[in-house]
Amino acid sequence: MACILLTGGAGYIGSHTFVALAEAGHDVVILDDFSNSDPGVVARMGRVAGREPTVVRGSVLDEALLGRVFAEHRIDGIIHFAALKAVGESVERPLDYFSTNIGGLMTLMRAARAAGVWRLVFSSTATVYGDPGDRAVPETAPRSHTNPYAFTKLTCEQMLEQAAAAEPWCVGVLRYFNPVGAHPSGLIGEDPRGLPNNLMPYVAKVAIGALPELQVFGDDYATPDGTGMRDYVHVVDLARAHVASVEALLDGRAHTLNIGTGRANSVLELVEAYGRAAGRALPYRVVGRRAGDVAITYADPSRARAELGFEATLDLDAMCRDSWRWMRAQASGFRLNDPE
Ligand SMILES: NC(=O)c1ccc[n+]([C@@H]2O[C@H](COP(=O)([O-])OP(=O)(O)OC[C@H]3O[C@@H](n4cnc5c(N)ncnc54)[C@H](O)[C@@H]3O)[C@@H](O)[C@H]2O)c1
């Protein structure tokens, strides 16, 4: 059993990772400033896992607070989720992204180094591949950035590489493809504020009636139904990948890995699958292509299988079914108690 610090652990991926770590028998300390999560999630995380995490409210930019966290808890490893993540917003407010994402990692690493904690899993993203072309993307694909958010993630990867060359860091970089879905309990999931940036949360809001219809950006791509195809990975699978990643670091095995299924589903396949889960066809309208979108991109997941023994097991129907259960549970104030 180890004690893992989750920065941003009250967020979408962090909350699921807490549950997976608790199930694997690890202790967890969460540091979160709740700038993009609801403090009420902590009790629901406790209901799912059978015990509540220790939560420290504060920012990864607060080095003195981080010092106290490391002094008060015997931390064996860190999973660093805390970041700003909206691509569009990053174009409008790049300095906020530089500060929280790059400054946050630097502050965290300084405090961790002072405490002698060298194992760190970093939340990266497939967007560090820039425009990878229409193919299964291996980890060796060239990296680039097309917006400030991707710039911050690529810069953080490079900071970690250079620090690990000079100091005893043992780092796991996980490049997520498209995390979707929710915990099957319906108690935790993604709760985007305002208009969702990503496809699945948008479709979910159409299904629950909060948005009138989905706009599909282009149906003339070179794919079977003409709409763009992406690699969607269930957040519960993604959470398991984090457990495997931090356990590999505890074992001294650093890694940089894609986390995806290795399959691509089209926009229309996702809309249909969500409609099946919700029990009705969902309204959508095809509009023009969006600048910068490629036809199809998906992970080559073979290195994650070889190095972590990790394989995603949950399919698109499970992703939609669990997302829909979460949407209904939220709408009913979590009074919904049917396990289905
Ligand atoms: N969700 C995705 O599609 C996706 C894809 C690729 C990578 N990622 C990365 O994964 C990580 C987690 O993403 P998520 O979807 O769970 O996001 P999220 O916004 O749900 O969770 C992030 C959490 O960090 C907290 N936070 C933000 N700034 C903080 C700060 N300065 N100090 C402490 N806490 C802070 C927020 O309150 C939130 O609870 C991020 O680093 C994100 O860039 C996400």
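Structure: see above.
Here we summarise the structure given alongside this text.

Rules and cut-offs
- Sequence order sets the numbering: in each chain, residues are counted from 1 along the sequence as written.
- Selection of residues for local features in this predicted model requires a pLDDT of at least 70, selection of side-chain atom pairs for listing and counting requires 80 or more, and totals for whole chains, interfaces and linings are taken over all residues.
- The side-chain values count all of the structure's non-hydrogen atoms but skip hydrogen atoms and water molecules.
- Note on conventions: DSSP H or I runs of at least 4 residues are helices, E runs of at least 2 residues are strands, and numbering of each starts at the N terminus.
- Both definitions apply: the radius of gyration is a C-alpha atom measure, and the globule rule equals 2.2 Å times residues to the power 0.38.
- Exposure categories follow from relative accessible area, calculated using a 1.4 Å probe and restricted to protein chains: below 20% of the type maximum is buried, above 50% is exposed, and the middle band is partly exposed.
- Only the protein chains shown count as cover for residues, and all accessible areas are computed by the Shrake-Rupley method using a 1.4 Å probe.
- Neither His nor the chain termini are counted; the positive set is Lys and Arg, and the negative set is Asp and Glu.
- All charge positions are set by atom: Lys at NZ, Arg at CZ, Asp at CG, Glu at CD.
- Both cavities and pockets are sets of points on a 1 Å grid over the protein atoms alone; in a cavity a 1.4 Å probe fits but cannot get out, in a pocket the set is open with protein on both sides within 12 Å along at least five of seven lines, and lining residues sit with an atom within 4 Å of a point.
- Grid points are joined across faces, edges and corners, and a volume is the space filled by probe spheres set on the points.
- Charged means Asp, Glu, Lys or Arg here, nonpolar means Ala, Val, Leu, Ile, Met, Phe, Trp, Tyr, Cys or Pro, and polar covers whatever is left, Gly included.
- Inter-axis angles, ranging from 0 to 180 degrees, are taken between N-to-C directions of lines fitted to C-alpha atoms, where helices are fitted over the stretch in contact.
- Relative orientations are named as follows: roughly parallel for angles under 35 degrees, roughly antiparallel for angles over 145 degrees, roughly perpendicular for angles from 65 to 115 degrees, and oblique for any other angle.
- Crossing handedness follows the turn of the near helix against the far one: under a right angle anticlockwise gives a left-handed crossing, and clockwise gives a right-handed one.
- Contacts: residue pairs with any heavy atoms within 4.5 Å of one another.
- Being near a molecule or strand, for a residue, means having at least one of its heavy atoms within 4 Å of it.
- Polar contacts, as used here, are pairs of N or O atoms within 3.5 Å; protein pairs need one atom able to donate a hydrogen and one able to accept it. Residues neighboring in sequence count only if both atoms are side-chain atoms.
- For two strands to count as paired, DSSP must find a minimum of two bridges between them.
- Aromatic pairing here means that ring centres of Phe, Tyr or Trp (its six-membered ring) are within 6.5 Å. Orientation follows from the plane angle: under 30 degrees is stacked, over 60 is edge-to-face, and everything else is tilted.

**As for the overall build of the protein**
Part 1: Broken down by element type, the protein carries eleven helices and 15 strands.
Part 2: Computed over C-alpha atoms, the radius of gyration of the protein comes to 19 Å, within 12% of the 20 Å expected from 2.2 N^0.38 for 340 residues, which places it in the range of a compact globule.
Part 3: On the principal axes, the C-alpha backbone points of the protein span a range of 55 × 45 × 40 Å.
Part 4: Split into buried and exposed, the 340 residues of the protein put 54% on the buried side.
Part 5: Of the roughly 14400 Å² of accessible surface on the protein, 50% is carried by carbon and sulfur atoms.
Part 6: Counting 32 positive and 40 negative side-chain charges, the protein places the averaged centre of each group 2 Å from the other.

**Regarding empty space enclosed by the protein**
Part 1: According to the stated counting rule, one finds two cavities of 30 Å³ or more in the structure shown.
Part 2: Together, Tyr-12, Gly-181, Ala-182, Glu-190, Pro-192, Met-200, Pro-201, Ala-204, Lys-205, Ser-323, Trp-326 and Met-327 line the largest cavity.
Part 3: Elements with a minimum of two residues in the lining of the largest cavity: α7 (199–208) and α11 (316–331).
Part 4: No other element matches α7, which puts four residues into the lining of the largest cavity.
Part 5: Residue classes in the lining of the largest cavity are distributed as eight nonpolar, two polar and two charged.

**Focus: the packing of α7 against α11**
Part 1: Between α7 and α11, the least distance of the axes is 10 Å, while the angle of their chain directions is 55 degrees. Comparing their axes, α11 and α7 come out oblique. Every pair of crossing elements has a handedness; the one defined by α7 and α11 is right-handed. The residues of α11 that touch α7, namely those facing Met-200, Ala-204, Lys-205, Ala-207 and Ile-208, are Met-319, Cys-320, Ser-323, Trp-324, Met-327, Arg-328 and Ala-331.
Part 2: Partitioning the contact of α7 with α11 into residue classes produces nine nonpolar, one polar and two charged.

**Brief notes about the side chain of His-16**
Part 1: With respect to the helices and strands, the residue His-16 is situated in helix α1 (residues 12–23).
Part 2: Residues within four places of His-16 in sequence aside, it is in contact with Ala-182, His-183, Ile-188, Gly-189, Val-235, Val-236 and Ala-239.

**Some details on the site of the ligand**
Part 1: Taken together, 27 residues lie near the ligand, and Asp-32, Asn-36, Ser-37, Lys-85 and Tyr-149 sit nearest.
Part 2: Between Ile-13 and the ligand, the recorded distance is 2.8 Å, taken from a backbone N or O atom to an oxygen atom.
Part 3: The side chain of Tyr-149 places a nitrogen or oxygen atom 2.7 Å from an oxygen atom of the ligand.
Part 4: Among the secondary structure elements, those contributing two or more residues to the shell around the ligand are α1, β5 (119–125) and α6 (148–166).
Part 5: With three residues, β5 is the largest single contributor of residues to the shell around the ligand.
Part 6: The class makeup of the residues in the shell around the ligand is eleven nonpolar, twelve polar and four charged.

**Remarks on the sheet that holds strand β15 (residues 296–299)**
Part 1: Taken together, the four strands give an open sheet; going across it, the order is β6-β15-β10-β13, and neighbouring strands pair in mixed fashion. Looking along the sheet, the strands with just one partner apiece sit at the ends: β6 (135–137) and β13 (265–266).
Part 2: Pairing of strand β10 (residues 229–230) with β13, which is carried by two bridges, proceeds in the antiparallel orientation. By the bridge assignment for β13, Met-229 is matched with Ser-266.

**Remarks on the packing of aromatic side chains**
Part 1: For the coordinates displayed, the defined rule picks out five aromatic pairs.
Part 2: Ring geometry for Phe-98 against Phe-151: centres 5.5 Å apart, planes inclined by 70 degrees, an arrangement best described as edge-to-face. Highlighted residues: Phe-98 in helix α5 (residues 94–115) and Phe-151 in helix α6, separated in sequence by 53 residues.
Part 3: Judged by its relative accessible area of 30%, Phe-98 is partly exposed.
Part 4: Where Tyr-129 meets Phe-177, the ring centres are 6.5 Å apart and the plane angle is 35 degrees; that geometry is what we call tilted. With Tyr-129 in the loop between β5 and β6 and Phe-177 in the loop between β7 (170–176) and β8 (178–180), this pair connects stretches of sequence that are 48 residues apart. Across the pair, exposure class does not vary: Tyr-129 and Phe-177 are buried alike.

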